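# Coordinates in review
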Amino acid sequence: LFWIFAGLTAVIAGRRGLASLLGMAVSFGVIFLFILPRLLAGNNPVITVILGSMVIIPATFFLAHGINRKTLAAVAGTFVALILTGWLAAIFVTAAKLTGFASEEAGFLQAIRPDILNMRGILLAGIIIGILGVLDDVTISQAAIVQQLKAANPKMKTGELYRRAMTVGRDHIASMVNTLILVYAGASLPLLLLFMDNPRPLAEIINQEI
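Residues numbered from 1 in each chain as written. Predicted model: local features only at pLDDT ≥ 70, side-chain atom pairs only at ≥ 80, totals over all residues. Heavy atoms only, no water.

### Some points on the nonpolar core
The test is simple: We define a nonpolar core as any set of buried Ala, Val, Leu, Ile, Met, Phe, Trp, Tyr and Cys residues linked to one another through side-chain atoms lying within 4.5 Å. For every residue, the accessible area (1.4 Å probe, protein chains only) is compared with the maximum for its type, and the residue is labelled buried under 20%, exposed over 50%, or partly exposed between those bounds. Numbering of helices and strands starts at the N terminus; helices are DSSP runs of H or I of at least 4 residues and strands are runs of E of at least 2. Whether two residues touch is decided by their heavy atoms; if any such pair falls within 4.5 Å, the residues are in contact.
Ile 35, Ile 57, Phe 61 and Leu 82 are the most contacted members of the largest nonpolar core, which has 18 residues in total. Of the residues forming this core, the biggest block, seven residues, is contributed by helix H5 (residues 119-152). Aside from chain neighbours lying at most four places away, what touches Leu 82 is Ser 53, Ile 57, Ile 128, Ile 131, Leu 132 and Leu 135.

Quick look at the structure:
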């Protein structure tokens, strides 16, 4: 399946597809060679992931889209959004009293490395990595929209350019919301079945961390 995916990406997207595959390799390299070893060594998970993101973001963006104003704008937007969403994640993980122990894997890790791993921090680190995947799509798409609008009409004023870009951006947000809902629903069918077939009230079930 991986080779089918890589082959179709290369055939359809050409050089950009190959460059994006190289960017994907860089992302996995940073995760497996930098982030995971430092998490196992007991380093702060959030700081570790942010440092890794500082390599992943420019590497993947510049490899896939080249070094230009569009990509620089997308990189800057991604860093700002990553900081903001990471901060919000930290606030709400704490407010919801999430421990990070809602999966079997977390329990195994704690049993193996009880004095090293910070499971709440690892939960936050996972959220930040997940955010990166969404921001990659959103920021580069929006920057490309602005670039193409300006290229189509160089005389367009900043206010009109902003309004037109936001019109497309709202459609992008609307479709992205549905995309994410379906992705998470598909990965969480057993959990959704627990909501449907359970004698306990939904308000009680939904407040259990698992």
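### Observations regarding the packing of H5 against helix H6 (residues 158-187)
Stated formally: Where helices are involved, their axes are fitted lines through C-alpha atoms of the stretch in contact, as for all axes, and angles between N-to-C directions lie from 0 to 180°. Throughout this description, any angle smaller than 35 degrees is read as roughly parallel, any larger than 145 degrees as roughly antiparallel, any in the 65 to 115 degree range as roughly perpendicular, and the remainder as oblique. Note: crossing handedness is left-handed where the near helix turns anticlockwise from the far helix by less than a right angle, and right-handed where it turns clockwise. The residue classification treats Ala, Val, Leu, Ile, Met, Phe, Trp, Tyr, Cys and Pro as nonpolar and Asp, Glu, Lys and Arg as charged. All others, Gly included, are polar.
Two elements in contact, H5 and H6, have axes separated by 10 Å at closest approach and are oriented at 155 degrees. The orientation of H5 with respect to H6, classified from their angle, is roughly antiparallel. Considering only the axes of H5 and H6, their crossing is right-handed. Packed against H5, whose contacting residues are Val 134, Asp 137, Val 138, Ser 141, Gln 142, Ile 145, Val 146, Leu 149 and Lys 150, the element H6 presents Leu 161, Arg 164, Ala 165, Met 166, Val 168, Gly 169, His 172, Met 176 and Leu 180 at the interface. Residue classes in the contact of H5 with H6 are distributed as eleven nonpolar, four polar and three charged.

### Considering helix H1 (residues 2-40)
What counts is decided by this rule: The span expected for a helix works out to 1.5 Å for each residue beyond the first. For a residue, the bend is simply the angle between two axes, fitted respectively to the seven-residue segment ending there and the seven-residue segment starting there.
Its 39 residues give H1 an end-to-end C-alpha distance of only 28 Å, which falls more than 12% under 57 Å, the value for a rise of 1.5 Å per residue. When the local axis directions of H1 are compared, the greatest deviation, roughly 140 degrees, occurs at Ala 13. Looking only at H1, the buried set comprises Ala 6, Thr 9, Gly 17, Ala 19, Leu 21, Gly 23, Ser 27, Val 30, Ile 31, Ile 35 and Leu 39. Positive backbone phi, at 95 degrees, marks Gly 42, one or two positions downstream of H1.

### What about unusual backbone geometry?
Backbone geometry places Lys 97, a non-glycine residue, at a positive phi of 55 degrees. Within the element layout of this structure, Lys 97 appears in the loop between helix H3 (69-95) and helix H4 (104-112). Overall, Lys 97 belongs to the exposed group, its relative accessible area being 63%.

### Observations concerning the packing of aromatic side chains
As a reminder of what qualifies: Between the rings of Phe, Tyr and Trp (Trp by its six-membered ring), a pair exists once the centres lie within 6.5 Å; its type follows the angle of the planes, with under 30 degrees stacked, over 60 edge-to-face, and the other angles tilted.
Under the counting rule described, the total for this entry stands at three aromatic pairs. Each ring, one from Phe 2 and one from Trp 3, has its centre 5.2 Å from the other, and the planes form 70 degrees; the classification is edge-to-face. Relative accessible area serves as the criterion here: at 43%, Phe 2 is assigned to the partly exposed category. Summarising the aromatic geometry, the rings of Phe 28 and Phe 32 are spaced 6.2 Å apart at their centres and angled 20 degrees between planes, so their arrangement reads as stacked. Here Phe 28 pairs with Phe 32, and both are found in helix H1, just four residues apart, close to one helical turn.

### Topic: the packing of helix H2 (residues 45-65) against H5
At a minimum axis distance of 10 Å, the contact between H2 and H5 shows a crossing angle of 20 degrees. With respect to their mutual orientation, H2 and H5 come out roughly parallel. The element H2 and its partner H5 pack so that their crossing is right-handed. Listed contacts from H5 to Pro 45, Val 46, Val 49, Ser 53, Ile 56, Ile 57, Thr 60, Phe 61 and His 65 of H2 are Gly 121, Ile 122, Leu 124, Ala 125, Ile 128, Ile 129, Leu 132, Asp 136, Thr 139 and Ile 140. For the contact of H2 with H5, the per-class residue count stands at 13 nonpolar, five polar and one charged.

### With respect to the side chain of Thr 139
Worth spelling out the cut-off: Here a polar contact is taken to be a pair of N or O atoms separated by no more than 3.5 Å, where protein atoms must pair a possible hydrogen donor with a possible acceptor and residues adjacent in sequence count only if both atoms sit in side chains.
Residue placement: Thr 139 occurs in helix H5. Within the local environment of Thr 139, its side chain forms a polar contact with the backbone oxygen of Leu 135, the two atoms lying 2.6 Å apart.

### Section: the pattern of salt bridges
Side chains bearing opposite charge may pair, as long as their charged atoms lie close to each other. Put simply, the rule is: Just to be clear on terms, a salt bridge is a Lys or Arg side-chain nitrogen sitting within 4 Å of an Asp or Glu carboxyl oxygen.
Inspection of every chain in the model, using the stated rule, returns two salt bridges. When the shortest N-O distance is used, the salt bridge between Arg 164 and Glu 160 registers 3.0 Å. Here Glu 160 and Arg 164 lie together in helix H6, a separation of four residues that amounts to about one turn. On the accessibility criterion, Glu 160 (29% relative accessible area) is partly exposed. Ionic pairing is found between Arg 200 and Glu 204, a salt bridge with its closest N-O pair at 3.7 Å. The class for Glu 204 is partly exposed, based on a relative accessible area of 37%.

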